[in-house]
Amino acid sequence: MSKMLSGFEFRRGTTIFHKMDPRAKLVYIVLFTALSVIFLNIFVLIAIFFSTIPIVLIARINSKWWQSIWGSKFFIAMIFLFNFVIFVFSPNLNLMSALLTATSMSIRFLALISIFSVFFLTTSPEDLTQSMVQLKVPYDYALTFNMAMRFVPTLSRETQIIMDAQKSRGLEMEKGNLIQRIRNYIPVLIPLIISSFRRAELVADAMESRAFGASKKRVSMFILTLGWIDAAFIIISALGFIGILSLRLFLGIA
Amino acid sequence: MITFKDVSYSYTPGAYALQNISLIIGDGELVAVLGENGAGKTTLVKHINGLLKPQSGSVIVGDTDTKKSTVANLARRVGLVFQNPDHQLFAETVEKELSFAMVNFGMPPEEVTKRVNWALEEFELAKYKEKPPFLLSGGERKRLALASVLSYDPQTIILDEPTTGQDDRQKTRMANLFKQLNSDGKTIIVVTHDMEFVANFIPRVILISKGKVLAEGPTEEILTQKEYLERASLLPPQLVDLSWKLSLSKPSISFEKVTSEALRMLEESRR
Ligand SMILES: Nc1ncnc2c1ncn2[C@@H]1O[C@H](COP(=O)(O)OP(=O)(O)OP(=O)(O)O)[C@@H](O)[C@H]1O
Ligand SMILES: [Mg+2]
């Protein structure tokens, strides 16, 4: 669980994809997330998943990206099982289509994981906040988002520590049947949630003590500007989007 | 007995958190582990209950090689109390928190009740028995975390920074409890930066710096050496500092020794 989270954790890098304006990357994730949600066709979803691979290679984030993909295997199995069961019990049962839908759902999830992993691995929280501000998102919201992002690494480290602490008191995470195993997570999840709240409160107090929100007008230390690489990436993403969407519009592939 | 044989461990390749550590901690010892922030103290103690396994070398607890055992198995004998209580408190009530480990180890119910009551008294938590742990103060939560491990009566007890946030009365109570448990034959290992606590209550220290054992031995011997303390970023205990400032021939951590030595010098200078 903690390994998977680190597959979404920003690491400084020097590739063009790291240097790209977050707004350009936002265009890509918005468009391709939309596609993943619109389509249920297995091949289209596979194509969307594979569209992230060139980025992974350019940004040289193979191993971290793989952590997020491999780390999600448990969730993917759950999604597959869940969808399969629902379709199997639907009135007009068709085993083949149940299998197909469950597979599509799993690949859709995989594609989304991959898209977001690529984005978060290469985008620094500061840049993202700044780009949101420049996109006229109110600063409070942008900052909230930024902080949530920066807590991801803390959260993954903390999960590990909590698991260690409970194991030291004799908790065996891997023991018992499925229900028991899920119950085993309670002693890990509760301290995780509570200490997150505690920290949030602390951070809020600390920020207010340093006059956060005291003046209406804020100034920025850096301004992001869109360069030609950013523009090119936006155009490629848009073309990809239109290309895939036209499959639906003209060929009726859903 | 706990034996570290040439143990090395690194979280990230190339950067050693522990490097060629060899140590012996005997049964029934009361020892402090000291060292600067990031020295590797927590990493060291996590090896004793098997949360971490040595990447090279070996750690033997009693007659068990930690590599060949599980945490659950070792934890029955080695109790480890973590630095931050918020990393382990989760139950609905203080009472349930205290029984968590014992239930995990499958101890008989009447034994559990008995030991919970002992812990409630010993740590002055009885009035919070039915309260959720999260509503306790920082110092109380810390004590509860400690109590929730001591309650299951492990043979070896490891405490990571037990005195932080405790007032003087609680520190002294804690010290007395450690001494008592120690005289009952328990092995106690205390990780701490609290030099006064060590000087007053703990007979042996292991000094760790940058992942290596810098020095180990009787507390007085180690804590009176300027070079060691500086290398481990530690402040000397007040009495040692005083001994240095008075240029006593034999610096000490004992009040009697320092005062009698100082008086002797005073007499001499009068003559
Ligand atoms: N989970 C981890 N992942 C990566 N590195 C770690 C991890 N835990 C500790 N380290 C590193 O290993 C080294 C030793 O850490 P350790 O926690 O053992 O120090 P410590 O002596 O307990 O310090 P403190 O007094 O601050 O508690 C440090 O350099 C630390 O950054
Ligand atoms: Mg530590």
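Residues numbered from 1 in each chain as written. Chains lettered and ligands numbered in written order. Predicted model: local features only at pLDDT ≥ 70, side-chain atom pairs only at ≥ 80, totals over all residues. Heavy atoms only, no water.

K.L.:
Which residues make up the overall build of chain A, and what values go with them?
P.N.:
If you tally the helices and strands in chain A, you get 12 helices and zero strands. Shown N-terminal to C-terminal, the secondary structure of chain A runs as helices and strands in the order α-α-α-α-α-α-α-α-α-α-α-α. Taking the principal axes of the C-alpha coordinates as reference, chain A spans close to 60 × 55 × 35 Å. For chain A, buried positions account for 40% of its 254 residues. Residue pairs at least 24 apart in sequence account for 78% of intrachain contacts in chain A once pairs closer than 6 positions are excluded. In chain A, 25 positive and 13 negative side-chain charges are present, and the distance between their average locations comes to 5 Å. (Helix = DSSP H or I, 4+ residues; strand = E, 2+ residues; numbered from the N terminus. Buried < 20%, exposed > 50% of the residue type's maximum accessible area, 1.4 Å probe, protein only. Contact = heavy atoms within 4.5 Å. Lys, Arg positive; Asp, Glu negative; His and termini not counted. Charge placed at Lys NZ, Arg CZ, Asp CG, Glu CD.)

K.L.:
Give me unusual backbone geometry: which residues, what numbers.
P.N.:
Residue and element names in this part refer to chain B. Positioned with a positive phi, Asp 153 is a non-glycine residue whose angle comes to about 60 degrees. Here the phi dihedral of Lys 210 falls at roughly 45 degrees; this positive angle occurs in a residue that is not glycine. Relative to the elements of secondary structure, Lys 210 occurs in the loop between strand 9 (204-209) and strand 10 (212-218). Its relative accessible area of 64% is what places Lys 210 among the exposed residues.

K.L.:
How would you sum up the domain arrangement of chain A? Please name residues and give values.
P.N.:
Residues and elements named next belong to chain A. By domain assignment, chain A separates into domain 1 (1-123 + 223-254) and domain 2 (124-213). Taking only C-alpha atoms into account, the centre of domain 1 sits 24 Å from that of domain 2. With 16 residues of domain 1 at the contact, the number on the domain 2 side is 18 residues. Note on domain 1 versus domain 2: buried area summed over both sides is about 1,500 Å², and carbon and sulfur give 74% of it. The tally of links between domain 1 and domain 2 comes to zero salt bridges. One can count one residue pair in polar contact (both at pLDDT 80 or more) joining domain 1 with domain 2. Of all elements in the fold, only helix 1 (2-5), helix 3 (22-38) and helix 7 (95-122) reach the threshold of two or more residues within the side of domain 1 that touches domain 2. Classifying every residue of the side of domain 1 that touches domain 2 gives nine nonpolar, three polar and four charged. (Domains from an automatic or database assignment. Buried area = accessible area lost by both parts, 1.4 Å probe. Salt bridge = Lys/Arg side-chain N within 4 Å of Asp/Glu carboxyl O. Polar contact = N/O pair within 3.5 Å; in protein donor to acceptor, adjacent residues only side chain to side chain. Nonpolar A, V, L, I, M, F, W, Y, C, P; charged D, E, K, R; others polar.)

K.L.:
Which residues make up the sheet that holds strand 1 (residues 2-9) of chain B, and what values go with them?
P.N.:
All names here are of chain B. Pairing is antiparallel in the open sheet, where four strands are placed in the order 2-1-4-5. Each of the sheet's edge strands pairs with one partner strand only, and the pair in question is strand 2 (18-25) and strand 5 (64-65). Examined bridge by bridge, strand 4 (residues 56-61) and strand 5 share two bridges and lie antiparallel to one another. When the sheet's bridge partners are listed, Val 61 is paired in strand 5 with Thr 64. (Pairing = 2+ DSSP bridges.)

K.L.:
Please set out the site of ligand 1 residue by residue, giving values where relevant.
P.N.:
All names here are of chain B. Residues in contact with ligand 1, as listed here, are Tyr 11, Ala 17, Glu 36, Asn 37, Gly 38, Ala 39, Gly 40, Lys 41, Thr 42, Thr 43, Gln 83 and His 193. In the model, an oxygen atom of ligand 1 is placed 3.0 Å from a nitrogen or oxygen of the Asn 37 side chain. Note that an oxygen atom of ligand 1 is positioned 3.4 Å from one of the side-chain N or O atoms of His 193. Contact with the protein chains hides 60% of the accessible area of ligand 1, taken as 630 Å² for the molecule alone. (Near = heavy atom within 4 Å. Areas by Shrake-Rupley, 256 points an atom, 1.4 Å probe, with all protein chains shown as cover.)

K.L.:
How would you summarise the packing of aromatic side chains if you had to cite specific residues and measurements?
P.N.:
Residue and element names in this part refer to chain A. Summed over the entire model, instances satisfying the criterion amount to 18 aromatic pairs over all chains. Consider the rings of Phe 49 and Phe 50, whose centres lie 5.5 Å apart with planes at 80 degrees: the pair is edge-to-face. Residue class for Phe 49 comes out buried when judged on its relative accessible area of 11%. Between Phe 80 and Phe 84 the ring centres are 6.2 Å apart and the planes differ by 10 degrees, which places this aromatic pair in the stacked class. Here Phe 84 and Phe 80 lie together in helix 6 (residues 73-88), a separation of four residues that amounts to about one turn. Taking relative accessible area as the criterion, Phe 84 reaches 21% and is therefore assigned partly exposed. Among the aromatic side chains, those forming a connected cluster through ring pairs are Phe 49, Phe 50, Trp 65, Trp 66 and Trp 70. The ring of Phe 17 carries Lys 25 above its face, with NZ or CZ at 5.2 Å from the centroid. (Phe/Tyr/Trp six-rings, centres within 6.5 Å; stacked < 30°, edge-to-face > 60°. Lys NZ or Arg CZ within 6 Å of the ring centre and 35° of its normal.)

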